[in-house]
Amino acid sequence: MKKKKLNILISSIGGLFIYDVIESLRKSKEFEFRIFGIDKDISAYNKSLFDVFLQSPDVNKKGNQYKKFFFKIIQKFKINFFLPFSDAEVNFIIKNNKQIIKKLPELKISFDIIKNNNIFINKEKFYLFCKNNKINSFNYEVISNIKKIKKTSNKKLILKKSLSSGSRNIFLIDEKIKKPYEILEKRKTLVVNFNFIKKQKLNSRYILMPYLNGNAYDVDCLSQNGKVIKILVRKRMLLNEFMYYSSGHKIIKNKGIEKKIQKIIKLIKFSGLSNFDVIKVNNKINIIDMAARPSGSVSVGKFAGYNFVLDLIKLTYKFKIKKSKNSINKIIKPFLMFKKCYNVKRIEKYVPYYLDQNKL
């Protein structure tokens, strides 16, 4: 069978698990990919894996520059498919969807940008959606004034930016501690008390919610027109629930989690690849976050037989998707390895990637 040639653009390529995404595309029997990568960091992790790497403007700080850059490279390199790996770029796509449809009618994107996807813009919209549809069990407040936060002595609270993602800008409020301390380096994730919070100046809207201490799950979901095609529930084996990635997952079957996600997908008639952060406390399932993009650890599913990124492209171009194998209760514990890089245009001779230690 002759392979279909595609130019694919992947953004925010500095993630730890990008190697396996690229490898799965290279090994495709249906497609021949020319893979372009962009990142705001000129020294982005794994940039050597791409046929072409370009440094992009910061979409958060230089929105207009990013917009010009985006349209220019799509047209210049005749990009067929765009796969964003950051919430900021998903928001950029949603906000500019009409212009993208008009100027780049042939461009395919990893989610349907025609439908109303405003719940992805920020946590405030997503939590309101969950509240209106009785999806979550906890109460929350939207905070724009620090003085509105009521002091409690016996309950831990979470204060996080409505526009933040990936465990950034999060305060765990615990009145029992005397001195604030950082629990995630460079991500502004702190354990603090009320005295510390009262001294802060809020520069955006925040969500104030209970601290949910329970089992954490990452869920990958591929859907079309509101129908779930594939779903994989991964229980985090890492005990620090604030980490934006996990060094190990256990593949599980949980009908309660799957039903809640199926409900969301059906209500918004979502098409594409999405991911969810879930916490289960005392048998109550809460969807903490949702994104219209692949999880940073989506390729962990590949070790369990779920090749979500390649299946997404197959679904987009109407190729048959094979049923994934049953990997329930399999524990995936990737660890860092190095592999020789054969891209003659790059200085780096070896690139890092993650290997499933269960295969050893």
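See the structure shown above.
The rules behind the values
All residue numbers refer to position in the chain's written sequence, counted from 1. It should be noted that, the model being predicted, local features are given only for residues of pLDDT at least 70 and side-chain atom pairs only at 80 or more, the latter also being counted only at that level, while totals for whole chains, interfaces and linings use all residues. Here the side-chain values reflect all heavy atoms present in the structure, with hydrogen atoms and water set aside. Relative accessible area decides the class of each residue, using a 1.4 Å probe on protein chains only: under 20% of the type maximum gives buried, over 50% gives exposed, and in between gives partly exposed. Only DSSP runs of H or I reaching four residues or more are called helices, and only runs of E reaching two or more are called strands; each is numbered from the N terminus. DSSP calls a pair of strands paired once it identifies at least 2 bridges connecting them. In what follows, salt bridge is the name for a side-chain nitrogen of Lys or Arg lying within 4 Å of a carboxyl oxygen of Asp or Glu. A pair of aromatic rings is counted whenever rings of Phe, Tyr or Trp (Trp by its six-membered ring) have centres within 6.5 Å, and the orientation is called stacked for planes under 30 degrees apart, edge-to-face for over 60 and tilted otherwise. Any two residues whose heavy atoms approach within 4.5 Å at even a single point are treated as in contact. The axes are straight lines fitted to the C-alpha atoms, using for helices just the contacting stretch, and the angles between their N-to-C directions are given from 0 to 180°. In this tally, Asp and Glu contribute negative charge and Lys and Arg positive charge; neither His nor the terminal groups of the chain are included. Throughout this description, a polar contact denotes any pair of N or O atoms lying within 3.5 Å of each other; where both atoms belong to protein, one of them has to be capable of donating a hydrogen while the other can accept it, and for residues adjacent in sequence the pair is counted only when both atoms sit in side chains.

S.K.: Looking at this structure, I do not really get the pairing of strand E10 (residues 189-192). What am I missing?
M.R.: The two faces of E10 match: Thr189 and Val191 on one face and Leu190 and Val192 on the other face are all buried. Direction of pairing for strand E8 (residues 170-173) relative to E10: parallel, over a ladder of four bridges. Each bridged residue has a counterpart across the sheet, and for Leu172 the counterpart in E10 is Val191.

S.K.: What is the right way to read the pattern of salt bridges from this model?
M.R.: Pairing between side chains of opposite charge can happen when the charged atoms of each approach one another. Following the criterion strictly, the structure yields 14 salt bridges and no others. With a closest N to O distance of 3.6 Å, Lys40 and Asp58 form a salt bridge. Taken as a pair, Lys40 in the loop between strand E2 (31-39) and strand E3 (52-55) and Asp58 in the loop between E3 and helix H2 (63-76) lie far apart in primary sequence, 18 residues in all. On the accessibility criterion, Asp58 (15% relative accessible area) is buried. Ionic pairing is found between Asp289 and Lys123, a salt bridge with its closest N-O pair at 3.5 Å. In this pair, Asp289 is assigned in strand E16 (residues 284-291) and Lys123 in helix H5 (residues 123-132), connecting sequence segments 166 residues apart.

S.K.: Is there a simple way to explain the packing of aromatic side chains in this structure?
M.R.: Aromatic ring pairs: the centre-centre distance and the angle between the two ring planes describe each pair. Evaluated as defined, the whole model comprises 17 aromatic pairs. With centroids separated by 5.7 Å and ring planes inclined at 85°, the aromatic side chains of Phe70 and Phe71 adopt a geometry described as edge-to-face. Residue Phe70 is classed as buried on the basis of its relative accessible area, which comes to 0%. Grouping aromatic residues by their ring pairs yields a cluster made of Tyr66, Phe69, Phe70, Phe71, Phe82 and Phe92.

S.K.: Just checking my understanding: could you explain the sheet that holds strand E13 (residues 227-236) for this structure?
M.R.: Either a parallel or an antiparallel arrangement is found when strands of a sheet pair, and the pairing is made through backbone hydrogen bonds. Reading across from one edge, E16-E15-E12-E13-E14-E17 is the order of the six strands in this open sheet, with antiparallel pairing throughout. Since the sheet does not close on itself, it has two edges, and those belong to E16 and strand E17 (331-332), each with one partner. Two strands pair when backbone bridges link them, and strand E15 (residues 272-281) and E16 are joined in this way by seven bridges, in the antiparallel orientation. Opposite Asn275, over in E16, you have Ala291 as the bridge partner. Each of strand E12 (215-224), E13, E15 and E16 is contacted by helix H7 (residues 255-268), which is oriented at about 45° to E16, the strand it contacts most.

S.K.: Looking at this structure, how should I read the environment of Lys78?
M.R.: Its location among the elements puts Lys78 in the loop between H2 and strand E4 (81-83). With 29 residues separating them along the chain, Lys78 and Leu107 place their C-alpha atoms 8.8 Å apart. Residues in contact with Lys78, not counting those within four places in the same chain, are Asn7 and Ile73.

S.K.: Would you mind showing me how to read the side chain of Glu89 here?
M.R.: Positionally, Glu89 belongs in helix H3 (residues 87-95). With no salt bridge to any partner, buried Glu89 finds its closest opposite charge in Arg293, at an N-O distance of 8.0 Å. Within polar-contact distance, the side chain of Glu89 engages the side chain of Tyr66 at 3.0 Å. Beyond its immediate sequence surroundings of up to four residues, Glu89 is in contact with Ser11, Ser12, Ile38, Val59, Tyr66 and Pro84.

S.K.: Explain the side chain of Ser271 to me, please; I cannot follow it from the model alone.
M.R.: Within the fold, Ser271 resides in the loop between H7 and E15. Side-chain polar atoms of Ser271 contact the backbone nitrogen of Asn225, separated by 2.6 Å.

S.K.: What's the story with unusual backbone geometry in this structure? I'm lost.
M.R.: Positive phi, close to 55°, is recorded for Lys134, a residue that is not glycine. When you line up the elements, Lys134 lands in the loop between H5 and strand E6 (141-143). Exposure remark for Lys134: the relative accessible area of 73% places this residue in the exposed category. Its identity as a non-glycine residue notwithstanding, Asn282 has a phi of 50°, on the positive side. By secondary structure assignment, the location of Asn282 is in the loop between E15 and E16.

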